[in-house]
Amino acid sequence: MTTTATTTTPAVSTGQKQDSWLAVISVAMGVFTLVTSEILPVGLLTPIADGLSVAEGTAGLMVATPGLMAAVSAPILTVATAKADRRKVLMVLSLLVVIANVVSAISESFTTVLAARVLVGIATGGFWSIAGGIALRIAPHGKVSKAVALVYGGGGAATVAGVPLVTIVGDAVSWRASFLVVAGLAALTFVFLLIFVPALPSQGSVRVGQLTDLLRSNRGVQVGAMLTVLFVAGHFTAYTYVRPVLQSGGISAAEISLLLVVFGIAGLTGNALAAVLLEKHLTGTLIGIAALMGAATAGMAVVPLSLVSAALLMLMWGLAFGLLAPSVQSWYLRAAPDAAELSTAINTFFFNLSIAVASFVGGLLVDEIAVTAVLWAGSALAVTAAAAAWFGSARVAVAD
């Protein structure tokens with residue numbers, strides 16, 4: 001999901017310093033596992049749909065459902081668990097991911113799988129809502145920025161390694177084995193959190209009213225919410241159905257796994273470029289993201305697909321998506337520099353809500369019109385996002 005956050009929460013004491021990088025890695029592993037679990041169906045949508053005897057558009061609900069639940073659970077769990085030990089909260093959420101993926105692996109009913117995906121969404125919303133704050137507390141002294149980058153980098157690593165890995169397992173063994181792999185990762189995360197993360201008592205309470213007050217009173221945050229919705233909806237309307245899109249163009253299952261790796265590597269590259277571009281070129285970067293995303297999705301609809309052409313388009317698309325999360329998050333942090341955690345929670349809500357709505361609408365387009373319809377929808381939303389970034393930067397003192 002989002003990358004980067006800044007608060008004044010102190011780092012760990014010197015006594016914890018020797019173990020703190022292992023603690024940071026443990027939380028990053030949790031982010032990696034959650035993101036992999038949330039978007040696992042993307043690479044295996046067709047075989048899962050066939051195995052559970054549902055249409056591909058209907059199978060897209062496996063992405064929409066956790067997205068919706070993550071959006072709902074993020075603010076609720078932030079408030080409900082505000083006084084609980086943060087390590088224990090993450091451990092419980094990791095166990096939910098274990099249970100959800102085991103149930104998905106053994107279920108013969110699509111309805112049961114969707115129920116399990118509800119648990120994934122709850123865990124995702126809760127984990128994202130507090131992971132950044134935990135990174136700040138367990139970072140070695142003077143290494144807060146690197147610790148936060150490592151934790152949120154787990155999400156990028158999921159697109160590079162996690163999703164391609166489970167896709168390869170699914171194609172080589174079965175899609176059920178992919179769910180079991182993720183369950184194993186979640187169990188390993190639980191063990192790492194137990195061993196390496198110190199007790200992290202609550203640092204205070206949070207009220208839902210604080211989130212709504214910030215959204216209602218800060219125009220920059222309002223524009224940020226609009227950017228999140230347009231960009232994320234544009235991406236996931238199409239990306240959720242990238243496997244049937246590529247297969248309809250004659251790309252084989254093995255080649256799709258390779259293309260997902262290309263997408264992920266491009267995403268990490270974009271994430272790295274963000275550190276260079278965002279300080280002075282936030283608006284330009286956002287418009288560039290929209291241009292790349294719009295061109296890539298429209299290109300897939302009109303260009304005859306081969307491994308080479310698909311790789312080039314996935315490269316463009318992945319680069320745009322890698323730039324997207326830190327760019328939008330930077331907008332929020334500039335809009336509300338004194339309320340970084342609250343603005344991040346707002347971004348998390350709209351990010352996951354957009355995933356849910358986009359995946360659902362994309363499924364309708366696939367089932368009722370054609371698989372290429374999601375590509376045109378994604379491209380149109382990207383163009384609208386570019387306009388929003390342009391006009392939004394002119395109205396609020398947030399951008400360059």
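Everything below is about the structure shown above.
It should be emphasised that the depicted structure is a prediction, and the values quoted were computed from it without experimental measurement. (Residues numbered from 1 in each chain as written. Predicted model: local features only at pLDDT ≥ 70, side-chain atom pairs only at ≥ 80, totals over all residues. Heavy atoms only, no water.)

1. Comments concerning the pattern of salt bridges
No. 1: For the coordinates displayed, the defined rule picks out three salt bridges.
No. 2: A salt bridge links Arg176 to Glu108, with the nearest nitrogen and oxygen atoms 3.3 Å apart. Of this pair, Arg176 sits in helix α7 (residues 175-196) while Glu108 sits in the loop between α4 (86-106) and α5 (110-138), placing them 68 residues apart in sequence.
No. 3: Look at Glu108 and you get exposed, because its relative accessible area is 63%.
No. 4: Arg216 is paired through a salt bridge with Asp213; the nearest N and O atoms lie 2.5 Å apart. On the criterion of helical spacing, the pair formed by Arg216 and Asp213 is a turn pair, its members being three residues apart in helix α8 (residues 208-217). (Salt bridge = Lys/Arg side-chain N within 4 Å of Asp/Glu carboxyl O. Helix = DSSP H or I, 4+ residues; strand = E, 2+ residues; numbered from the N terminus. Buried < 20%, exposed > 50% of the residue type's maximum accessible area, 1.4 Å probe, protein only.)

2. Observations regarding unusual backbone geometry
No. 1: Non-glycine residue Ser53 carries a positive phi angle of around 60 degrees.
No. 2: Residue placement: Ser53 occurs in the loop between α1 (17-51) and α2 (56-59).

3. Things to note about the packing of helix α9 (residues 219-239) against helix α13 (residues 307-335)
No. 1: The N-to-C vectors of α9 and α13 enclose an angle of 165 degrees; their axes lie 9 Å apart at closest approach. Considering the angle they form, α9 stands roughly antiparallel to α13. The interaxial crossing formed by α9 with α13 has left-handed handedness. Only Trp317, Phe321, Leu324, Val328, Trp331, Tyr332 and Ala335 of α13 make contact with α9, whose side of the interface consists of Gly220, Val221, Val223, Gly224, Ala225, Leu227, Thr228, Phe231, His235, Phe236, Ala238 and Tyr239.
No. 2: Residue composition of the contact of α9 with α13, grouped by class: 15 nonpolar, four polar and no charged. (Axes fitted to C-alpha atoms, helices over the stretch in contact; angles between N-to-C directions. Parallel < 35°, antiparallel > 145°, perpendicular 65-115°, else oblique. Left-handed = near helix turned anticlockwise from the far one by under 90°. Contact = heavy atoms within 4.5 Å. Nonpolar A, V, L, I, M, F, W, Y, C, P; charged D, E, K, R; others polar.)

4. Some thoughts on the packing of aromatic side chains
No. 1: The final tally for this structure, using the stated rule, is nine aromatic pairs.
No. 2: For the pair Phe192 and Phe196, a centre-to-centre distance of 5.3 Å together with 65 degrees between the ring planes defines the contact as edge-to-face. Residue Phe192 and its partner Phe196 are both found in helix α7; the two are separated by four residues, about one turn of the helix.
No. 3: A relative accessible area of 24% means that Phe196 is categorised as partly exposed.
No. 4: Taken together, Phe236, Tyr239, Phe263, Trp317 and Phe321 form an aromatic cluster joined through their ring pairs. (Phe/Tyr/Trp six-rings, centres within 6.5 Å; stacked < 30°, edge-to-face > 60°.)

5. Some details on the side chain of Arg137
No. 1: Within the fold, Arg137 resides in helix α5.
No. 2: The buried charged residue Arg137 lacks any salt bridge partner; its closest oppositely charged side chain belongs to Asp85, at an N-O distance of 7.2 Å.
No. 3: In this structure the side chain of Arg137 is engaged in a polar contact, spanning 2.9 Å, whose partner is the backbone oxygen of Pro201. (Lys, Arg positive; Asp, Glu negative; His and termini not counted. Polar contact = N/O pair within 3.5 Å; in protein donor to acceptor, adjacent residues only side chain to side chain.)

6. Focus on the side chain of Arg86
No. 1: As for its placement among the helices and strands, Arg86 is situated in helix α4.
No. 2: Buried charged residue Arg86 carries no salt bridge. Nearest counter-charge: Asp85, at 7.5 Å.
No. 3: A polar contact of 3.2 Å, which involves the side chain of Arg86, links it to the backbone oxygen of Ala84.

7. Here we look at a nonpolar patch on the surface
No. 1: A contiguous nonpolar patch, built from Trp21, Leu22, Ile25 and Leu150 and spanning about 300 Å² of accessible area, is present on the exposed surface.
No. 2: At three residues, α1 tops the list of elements feeding residues into the nonpolar patch.
No. 3: With respect to the helices and strands, the residue Trp21 is situated in helix α1. (Patch = residues over 30% accessible without salt bridge, like charges linked within 9 Å, V, L, I, M, F, W, Y side chains within 5 Å. Areas by Shrake-Rupley, 256 points an atom, 1.4 Å probe, with all protein chains shown as cover.)

8. Focus: α9
No. 1: Taking 1.5 Å per residue as the helical rise, α9 with its 21 residues ought to reach 30 Å, and the 30 Å between its terminal C-alpha atoms agrees with that figure.
No. 2: Here α9 lies mainly inside the structure; 17 of its 21 residues are buried.
No. 3: Two to three positions downstream of the cap, the backbone nitrogen of Gly220 sits 2.9 Å from a side-chain oxygen, assigning the N-cap of α9 to Asn218. (Expected span 1.5 Å × (residues − 1).)

9. With respect to the environment of Val97
No. 1: Of note, Val97 is situated in helix α4.
No. 2: Among the residues examined, Val97 registers a relative accessible area of 1% and is labelled buried.
No. 3: Between the alpha carbons of Val97 and Gly121 there is a distance of 9.1 Å; along the sequence they are 24 residues apart.

10. Some points on the packing of α9 against helix α12 (residues 282-302)
No. 1: Two elements in contact, α9 and α12, have axes whose closest approach is 11 Å; the angle formed by their N-to-C orientations is 20 degrees. In terms of their interaxial angle, α9 and α12 are classed as roughly parallel. In terms of crossing hand, the pair formed by α9 and α12 is left-handed. Counting all contacts with α9, which are made through Leu227, Phe231, Gly234, His235 and Ala238, the residues of α12 involved are Leu286, Ile289, Ala290, Met293 and Thr297.
No. 2: For the contact of α9 with α12, the class distribution of residues is seven nonpolar, three polar and no charged.

11. Some words on the nonpolar core
No. 1: Val27, Phe231, Phe236, Leu246, Leu286 and Trp317 are the most contacted members of the largest nonpolar core, which has 114 residues in total.
No. 2: In terms of residues, this core owes the most to one element, α1, which gives 14 residues.
No. 3: For Phe231, the contacting residues outside a window of four places in its chain are Leu286, Ile289, Ala290, Met293, Leu324, Val328 and Ala385. (Core = buried A, V, L, I, M, F, W, Y, C linked by side-chain atoms within 4.5 Å.)

Everything listed here is a matter of geometry and, on its own, says nothing about what the molecule does.
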